[in-house]
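# A closer look at the structure
Spelled out from the first residue to the last, the chains are:
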Amino acid sequence: MERKEECKVSANEQPKDAGKEREQRLEKLERLRELGVNPYPYRFQRTHSIAMLKENEEQISASESQVAIAGRVMSLRKHGHTAFGNIKDNTDTIQFYIRDDEVEEAEFEVFKLVDIGDIIGLWGGLFRTKTGELTLRVKKLEMLSKSLRPLPEKWHGLQNKELRYRRRYLDLIVNDDVMDVFIKRSKIMETMRQFLLSHHFLEVETPILQPIYGGAAARPFVTHHNALDIDLYLRIADELYLKRLVVGGMERVFEFSRDFRNEGMDKSHNPEFTMMECYAAYWDYNDMMGFVEEMISQISTTVLGDTKIIYQGQQIDLAPPWNRLKFFDAIYEKLGKDIRGLNEGELKGIADEKGLDTEGVKGNAALIDLLFSELVEPGLVQPTFIMDYPIEISPLAKAHRSEEGLVERFEPFVAGMEIGNAFSELNDPLDQRARFEEQTRMRAEGADETHPIDEDYLRALEHGLPPTGGLGIGIDRLVMLLADSPSIRDVILFPQMRPEEGRD
RNA sequence: GCACCGCUAGCUCAACUGGUAGAGCAACUGACUCUUAAUCAGUAGGUUCGGGGUUCGAUUCCCCGGCGGUGUACCA
């Protein structure tokens, strides 16, 4: 038929990286069609997942009923008239046993054309082999999707990290622990969503394409809208939009926000990442602190069954209450002196004294930030809220109610990793305007990651934002923590990579 | 961005100070009716990341480039 013609055409367009095995599998595909078998049928009615099959072994064996399962063939041990193999679905893997005198002749012919990697459906009953392994005794089988490429090797699996990230589908097939990480990721987000919903937060969606980016200090990606003929930015945060919604009367909102930052990549930074931001009217940052430790410990309990976790060999307990440590006190603990009120030269002197690289670090805020991140951060293994940050580096946070020069802001740290950011939101529109203007002044002096003025946001504030507590949690980092992953690439299905093409 | 390391068969890895590029798994042919890293006999499989150089001879040494990893810097 015409179909076969098409097949031959595509077979001629053999990809260079596929090798001879692909050709051999294409031949098998042809032979299946000659046998009147569609190698890519439309559906298959399963009676059980493999996990359910194993759970209900006794009942199924006793009733001698037939079951139907489907999955990918992971191994084959052929013995002439019989064969053993293993088939894997999303839940588990099970051995199957097929013999030519127990299935129809034509189906055994089909079976002979089955390769490792093919997706097949099997009907049969359960039995135990003489070595005691639970096995499906095949009465009937169906090809569900013929695989044209070989699976990675069966006991070393896929090791090459580049291939694992680029061909995540293979990584998932072959490395069960990878699947587990992403199941965990899903559960973490689901638990967080439920937690927020149960506290009467409303889930919303706000623009990813923004005419003015804001809500964080970062360089944006720029894109262009043709019909409007304007440049737009991919959001670096959804903060300013969510607070507009609070102005609008949505007293509690949240969004799982894919954010984009045009900056370097390393084991805790991917150019696109997921942040959960939420805002609650009439809360301050103290309320939010309690909320965070409650939420994270509940997620850990729900997903892992415990608040005690191990991250990269470090024992960590996420049970509330978490440590609370003021920003400058934390530095004082490490330095033995109070750096508040010191001028730039003095700060630089201290940094140099500590052997820190101050090359290119300009301004008090940057120096203070350097001291903090070098001296304090790595030591914050047990969950700790660092609170009350300098006002210069927090243009969206409300001035501290009792401490000059500080804002009511905290960041939760676990395992030396910053996993979020929160504050009593700045709702004084005049103060907010002054802060934006200060940012603009810093930009003029050469800081390239300052907040642009967002007049529409200021207008919204002038209509009145209630006192509000706001929070952002880095989902990727939270998943790293709970899945014990050393790199953000291990918790993002398709981490950013240079294109494979374009090699010389 | 910089430094170091890596890139060899579909996959996992070898190949000494430069001397014909090899194994296991996967694949192919044959044997085999409870195997499980099935076994046994045989077969095929390579632009050694790309380009240039040194050399009688380069997977190996040198240079340029690509991709990745790790560290570091920048960055929430």
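Residues numbered from 1 in each chain as written. Chains lettered and ligands numbered in written order. Predicted model: local features only at pLDDT ≥ 70, side-chain atom pairs only at ≥ 80, totals over all residues. Heavy atoms only, no water.

### Some details on the overall build of chain A
The cut-off we apply is this: Runs of H or I in DSSP of at least four residues are treated as helices and runs of E of at least two as strands, each being numbered from the N terminus. The contact definition used throughout considers only heavy atoms, calling two residues in contact when any of these lie within 4.5 Å. We get accessible surface area from the Shrake-Rupley algorithm with a probe of 1.4 Å; when it comes to residues, only the shown protein chains can shield them. Here the positive residues are Lys and Arg and the negative ones are Asp and Glu; neither His nor the chain ends is included. One atom stands in for each charge, and that atom is NZ of Lys, CZ of Arg, CG of Asp or CD of Glu.
Looking only at helices and strands, chain A has 16 helices and 19 strands in total. Seen through its principal axes, chain A has C-alpha atoms that stretch 90 × 50 × 50 Å. At a minimum sequence separation of 6, the contacts of chain A that also span at least 24 residues come to 65%. For chain A, the exposed surface amounts to about 25800 Å²; the carbon and sulfur share of it is 49%. Of the side-chain charges in chain A, 65 are positive and 90 negative, and the distance between the mean point of each set is 6 Å.

### Some points on unusual backbone geometry
Cis geometry is found at the peptide bond from Pro320 to Pro321, where omega equals -5 degrees. Positionally, Pro321 belongs in the loop between strand S13 (314-317) and strand S14 (323-326). A positive phi angle, near 70 degrees, is found at His200, a position not held by glycine. Mapped onto the elements of the fold, His200 is located in the loop between helix H8 (176-198) and strand S6 (202-203).

### Comments concerning helix H12 (residues 344-353)
Our working definition: To sort residues, take the accessible area from a 1.4 Å probe on protein chains only and compare it with the maximum for the residue type: under 20% means buried, over 50% means exposed, and anything in between is partly exposed. Taken from the helix axis, the directions to the C-beta atoms give the arc we talk about. Polar contacts, as used here, are pairs of N or O atoms within 3.5 Å; protein pairs need one atom able to donate a hydrogen and one able to accept it. Residues neighboring in sequence count only if both atoms are side-chain atoms.
Within the sequence span of H12, burial applies to Leu347, Ile350 and Ala351. For H12, the angular spread of buried residues about the axis comes to 100 degrees, placing them on one side. Projecting away from the buried face of H12 at angles above 90 degrees are the exposed residues Gly345 and Glu353. Of the surrounding secondary structure, the elements contacted by the buried residues of H12 are helix H11 (327-335) and helix H13 (364-376). For H12, the N-terminal capping position is held by Asn343, with its side-chain oxygen 3.0 Å away from the main-chain nitrogen of Gly345. After H12 finishes, the residue Gly355 shows a positive phi value of roughly 75 degrees.

### Digging into the sheet that holds strand S9 (residues 230-234)
This is how the line gets drawn: At least two DSSP bridges between two strands are required for those strands to pair.
On the basis of which strands lie adjacent, the open sheet formed by three strands has the order S7-S9-S8 and antiparallel pairing. The open sheet has two edge strands, strand S7 (209-210) and strand S8 (222-225), and neither has a second partner. In the sheet, S8 pairs with S9 via four bridges, with the strands oriented antiparallel. The partner of Thr223 across the bridge, within S9, is Leu232.

### Details of the packing of aromatic side chains
What counts here: Two rings from Phe, Tyr or Trp (for Trp, the six-membered ring) form a pair when their centres sit within 6.5 Å of each other. Planes less than 30 degrees apart are called stacked, planes more than 60 degrees apart edge-to-face, and all others tilted. Definition used: whenever NZ (Lys) or CZ (Arg) falls within 6 Å of the ring centre and also within 35 degrees of the ring normal, the charge is taken to sit over that ring.
Under the definition given, this model contains 19 aromatic pairs. Note on Phe201 and Trp283: the rings are 5.9 Å apart at their centroids and 80 degrees apart in plane angle, and the pair reads as edge-to-face. Here Trp283 lies in the loop between strand S11 (272-281) and helix H10 (285-304) and Phe201 lies in the loop between H8 and S6, a separation of 82 residues in the sequence. By the burial criterion, Phe201 is buried, and Trp283 matches it. One aromatic cluster is present, formed by Phe327, Phe328, Phe372, Tyr389 and Phe413 through successive ring pairs. When the ring centre of Phe127 is taken as origin, the NZ or CZ atom of Arg137, which lies over that ring, is 4.7 Å away. A cation over an aromatic ring shows up here: Arg244 above the ring of Tyr241, its NZ or CZ 4.7 Å from the ring centre.

### Topic: the pairing of strand S10 (residues 252-260)
Strand residues, when the strand is regular, have side chains that alternate between the two faces of the sheet. For S10, the tally of buried residues reaches seven of nine residues, placing the bulk of the element in the interior. Summarising the sheet, S6 and S10 pair through two bridges and their orientation is parallel. Across the sheet, Leu202 pairs through a bridge with Val253, a residue of S10.

### Section: the protein's contact with RNA strand B
Selection rule: To be near a molecule or strand, a residue needs just one of its heavy atoms within 4 Å of it.
The immediate surroundings of RNA strand B are formed by 57 residues, with Gln24, Thr131, Trp155, Ala217 and Glu411 found nearest. Per the 4 Å cut-off to the protein, sugar and phosphate atoms form 64% of the nearby atoms of RNA strand B. Between RNA strand B and the protein, one listed contact pairs a base oxygen with a side-chain N or O atom of Gln95 at 2.6 Å. Lys130 has a polar backbone atom sitting 2.9 Å from a base oxygen of RNA strand B. For the surface near RNA strand B, the secondary structure elements donating two or more residues are helix H2 (19-34), strand S1 (67-78), strand S2 (82-88), strand S3 (93-99), helix H6 (161-166) and strand S16 (409-414).

### Description of the environment of Gly363
Along the polypeptide, Gly363 turns up in the loop between H12 and H13. Distance from Gly363 to Gly345, taken between C-alpha atoms, is 9.4 Å for residues 18 residues apart in sequence.

### Re the environment of Leu380
The topology assignment puts Leu380 in the loop between H13 and strand S15 (384-387). Sequence separation between Leu380 and Phe413 is 33 residues, and the spatial gap between their C-alpha atoms is 6.2 Å. Every residue in contact with Leu380, bar those within four places of it in the chain, is listed here: Phe372, Ile386, Phe413, Val414, Ala415 and Gly416.

### Section: the packing of H8 against H10
We count it as follows: Axes here refer to lines fitted to C-alpha atoms; in helices the fit is confined to the stretch in contact. Angles between the N-to-C directions go from 0 to 180 degrees. Each angle gets one of four labels, with under 35 degrees taken as roughly parallel, over 145 as roughly antiparallel, 65 to 115 as roughly perpendicular, and the rest as oblique. What makes a crossing left-handed is the near helix being turned counterclockwise from the far one by less than a right angle; a clockwise turn instead makes it right-handed. Charged residues are taken to be Asp, Glu, Lys and Arg, nonpolar residues to be Ala, Val, Leu, Ile, Met, Phe, Trp, Tyr, Cys and Pro, and polar residues to be all remaining types, Gly included.
The interhelical angle for the contact between H8 and H10, taken along N-to-C directions, is 135 degrees, at an axis separation of 9 Å. The pairing of H8 with H10 is recorded here as oblique in orientation. Relative to H10, H8 is oriented so that their crossing is right-handed. On the side of H8, the interface is formed by Lys184, Lys187, Ile188, Thr191, Met192, Phe195 and Leu196, while H10 contributes Phe291, Glu294, Met295, Gln298, Ile299, Thr302, Val303 and Leu304. Of the residues in the contact of H8 with H10, the class split is nine nonpolar, three polar and three charged.

### With respect to the environment of Ser147
If you trace the backbone, Ser147 turns up in the loop between strand S5 (134-145) and H6. Relative accessible area serves as the criterion here: at 13%, Ser147 is assigned to the buried category. Once the C-alpha coordinates of Ser147 and Ile69 are considered, the two residues, 78 residues apart in sequence, prove to be 18 Å apart. Non-local contacts of Ser147, meaning those with residues more than four positions away in its chain, are made with Arg25, Gly117 and Asp118. Within polar-contact distance, the side chain of Ser147 engages the backbone oxygen of Arg149 at 3.0 Å.

By themselves, these figures tell us nothing about what the structure is for.
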